2 protein chains.
Amino acid sequence: MNASRPTHAISPTRKSTLIDDLWSPRVIAEMNDYQFKVVRIQGDFVWHSHDDTDEAFYVLDGELRIDFRDGAVELGPGDLYVVPRGVEHKPFAAQEVRMMLIEPRGVKNTGDEGGELTAENDRWI
Amino acid sequence: MNASRPTHAISPTRKSTLIDDLWSPRVIAEMNDYQFKVVRIQGDFVWHSHDDTDEAFYVLDGELRIDFRDGAVELGPGDLYVVPRGVEHKPFAAQEVRMMLIEPRGVKNTGDEGGELTAENDRWI
């Protein structure tokens, strides 16, 4: 079977350095109906949850804290965490963090919450 | 909504150092019906394809080459590549490579090819 394929590998870390603005996830690759995104964040995000899907966080650079209603999880470079569907969470970064998100196409970054930090979807970089 | 959540982040790199054998993917996390796996490889794998799914490769350590019928792609540490469904490929590592695979639960490592390098599925580490 012949199908087209990407000609080169992608460096999520390098892609993340090309993003101008914080809290603005950019798609770098797709796998079936899932997307790999990179995002730069700093400060406090909004409490939210995704009722229909789990969401994977993989830290590229910096120290990320994910707050939950019952505690928090700390991630450094190279750490992976999957937030289960329906679990309220709030990412926090005292200093800038660059990370990769993996989730189904079309997931809204602020989940059920919305608000001014809601990012446009499906922007590639 | 209350749902259980993992208490700690996972380091795929550290998990990969715990694997005793080559070509034996181990599951480290799940996201919906997808699995994150780590694997140590060295040498030549078999030509194969997965007709039903794309497959994501993320290199943790070492230099990976993925051979295709029409060329090859090189991945170093921190590089990501998604092999599209139906595309024949053959991973190759001159020296040991540790990497993360992301794909739907139940995908057989040798795809449609089988053979002695076919690994048991759903082994966690």
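Predicted, not measured: the structure shown is a model, and the values here were computed from it.

Chemist: Explanation requested: the side chain of Arg98(A) in the structure shown.
Modeler: Residues and elements named next belong to chain A. Along the chain, the position of Arg98 falls in strand β7 (residues 89–104). The exposure class assigned to Arg98 is buried, which follows from its relative accessible area of 16%. Side-chain polar atoms of Arg98 contact the side chain of Ser16, separated by 2.8 Å. Every residue in contact with Arg98, bar those within four places of it in the chain, is listed here: Thr13, Ser16, Thr17, Val39, Arg40, Val59, Leu60 and Asp61.

Chemist: I would appreciate a short explanation of the relation of the copies chain A and chain B in the present structure.
Modeler: Copy one and copy two of the chain differ by a rotation about an axis and a translation along that axis. Rotating chain A by 180° and moving it 0.0 Å along the rotation axis overlays it on chain B with an RMSD of 0.0 Å. Here the symmetry operator amounts to a two-fold rotation axis. It is Gly78(A) whose C-alpha, among those of chain A, lies nearest the rotation axis, at 4.6 Å. Of the residues that chain A buries at the interface, 100% are likewise interface residues in chain B, meaning the two copies contact each other through the same surface.

Chemist: Would you mind showing me how to read the UniProt feature "domain: Cupin type-2" (unreviewed entry) in chain A here?
Modeler: Per the UniProt annotation, the sites labelled "domain: Cupin type-2" (unreviewed entry) are residues 43–101 of chain A. From the first C-alpha to the last, residues 43–101 of chain A spans 17 Å; its make-up is 0% helix and 61% strand.

Chemist: Would you take a moment to explain the interface of chain A and chain B for this structure?
Modeler: The extent of an interface is frequently quoted as the accessible surface area lost upon association of the parts. With 45 residues of chain A at the interface, the matching set in chain B holds 45 residues. With both chains or domains summed, chain A and chain B bury close to 3300 Å², and 59% of this area falls on carbon and sulfur atoms. Taken as a group, Arg5(A), Asn32(A) and Leu80(A) account for 21% of the area that chain A buries against chain B, more than any other trio of residues on that side. Between the two partners, chain A and chain B, sit two salt bridges.

Chemist: It is not clear to me how the nonpolar core should be interpreted in this structure. Could you clarify?
Modeler: Considering soluble globular proteins, one finds that nonpolar side chains tend to be buried as a cluster. The biggest cluster of nonpolar side chains holds 30 residues, and the ones touching the most others in it are Phe36(A) and Phe36(B). Residues within four places of Phe36(B) in sequence aside, it is in contact with Ala56(A), Leu80(A), Val82(A), Ile102(A), Arg26(B), Val27(B), Ile28(B), Ala29(B), Met31(B), Met100(B), Leu101(B) and Ile102(B). One finds Phe57(A), Val59(A), Val83(A) and Val97(A) within the second-largest nonpolar core, a separate group that totals 19 residues.

Chemist: Whenever I open this one, the pairing of strand β4 (residues 64–68) of chain B confuses me. Can you help?
Modeler: A regular strand carries its side chains on alternate faces of the sheet. Residues and elements named next belong to chain B. Taken across its five residues, β4 has four buried, putting it largely inside the fold. Bridging between β4 and strand β5 (residues 71–75) involves five bridges; their strand directions are antiparallel. Paired with Asp67 across the strands is Ala72, a residue of β5. Hairpin connection between β4 and β5: a loop of two residues separates the two successive antiparallel strands. Alignment of β4 against strand β7 (residues 89–104), held across four bridges, turns out to be antiparallel. When the bridges of β7 are listed, Phe68 appears paired with His89.

Chemist: Would you take a moment to explain unusual backbone geometry for this structure?
Modeler: With the exception of glycine, the majority of residues adopt a negative phi angle, and the majority of peptide bonds are in the trans configuration. Of note, the phi angle at Trp23(A) is positive, near 60°, even though the residue is not glycine. As for its placement among the helices and strands, Trp23(A) is situated in the loop between α1 (12–16) and β1 (26–31). Owing to a relative accessible area of 13%, Trp23(A) belongs among the buried residues under this scheme. Even without being a glycine, Asn32(B) presents a positive backbone phi close to 55°. Within the element layout of this structure, Asn32(B) appears in the loop between β1 (26–31) and β2 (34–44).

Chemist: It is not clear to me how the packing of aromatic side chains should be interpreted in this structure. Could you clarify?
Modeler: The description of an aromatic ring pair uses the distance of the two centres, along with the angle that the planes make with each other. Taken as a whole, this structure holds six aromatic pairs over all chains when the rule is applied. The interplanar angle of 20° and the centroid separation of 4.7 Å between the aromatic rings of Trp23(A) and Phe45(A) together place this pair among those described as stacked. Of the two residues, Trp23(A) is situated in the loop between α1 and β1 and Phe45(A) in the loop between β2 (34–44) and β3 (55–61); the sequence distance between them amounts to 22 residues. The two residues Trp23(A) and Phe45(A) agree in class, both being buried. A centroid spacing of 5.7 Å and a plane angle of 50° characterise the contact between Phe68(A) and Tyr81(A), whose relative ring orientation is tilted. You can see Phe68(A) sitting in strand β4 (residues 64–68) and its partner Tyr81(A) sitting in strand β6 (residues 80–83), a full 13 residues away along the chain. Accessibility classification places Phe68(A) together with Tyr81(A) in one group, the buried group. Across the ring face of Trp47(B), the terminal group of Lys90(B) is positioned such that the distance to the ring centre comes to 5.8 Å.

Calculation notes
Residues numbered from 1 in each chain as written. Chains lettered and ligands numbered in written order. Predicted model: local features only at pLDDT ≥ 70, side-chain atom pairs only at ≥ 80, totals over all residues. Heavy atoms only, no water. Helix = DSSP H or I, 4+ residues; strand = E, 2+ residues; numbered from the N terminus. Buried < 20%, exposed > 50% of the residue type's maximum accessible area, 1.4 Å probe, protein only. Polar contact = N/O pair within 3.5 Å; in protein donor to acceptor, adjacent residues only side chain to side chain. Contact = heavy atoms within 4.5 Å. Least-squares fit on C-alpha atoms with pLDDT ≥ 70 in both. UniProt positions renumbered as here; feature names shortened; annotations may be inferred. Buried area = accessible area lost by both parts, 1.4 Å probe. Salt bridge = Lys/Arg side-chain N within 4 Å of Asp/Glu carboxyl O. Core = buried A, V, L, I, M, F, W, Y, C linked by side-chain atoms within 4.5 Å. Pairing = 2+ DSSP bridges. Phe/Tyr/Trp six-rings, centres within 6.5 Å; stacked < 30°, edge-to-face > 60°. Lys NZ or Arg CZ within 6 Å of the ring centre and 35° of its normal.

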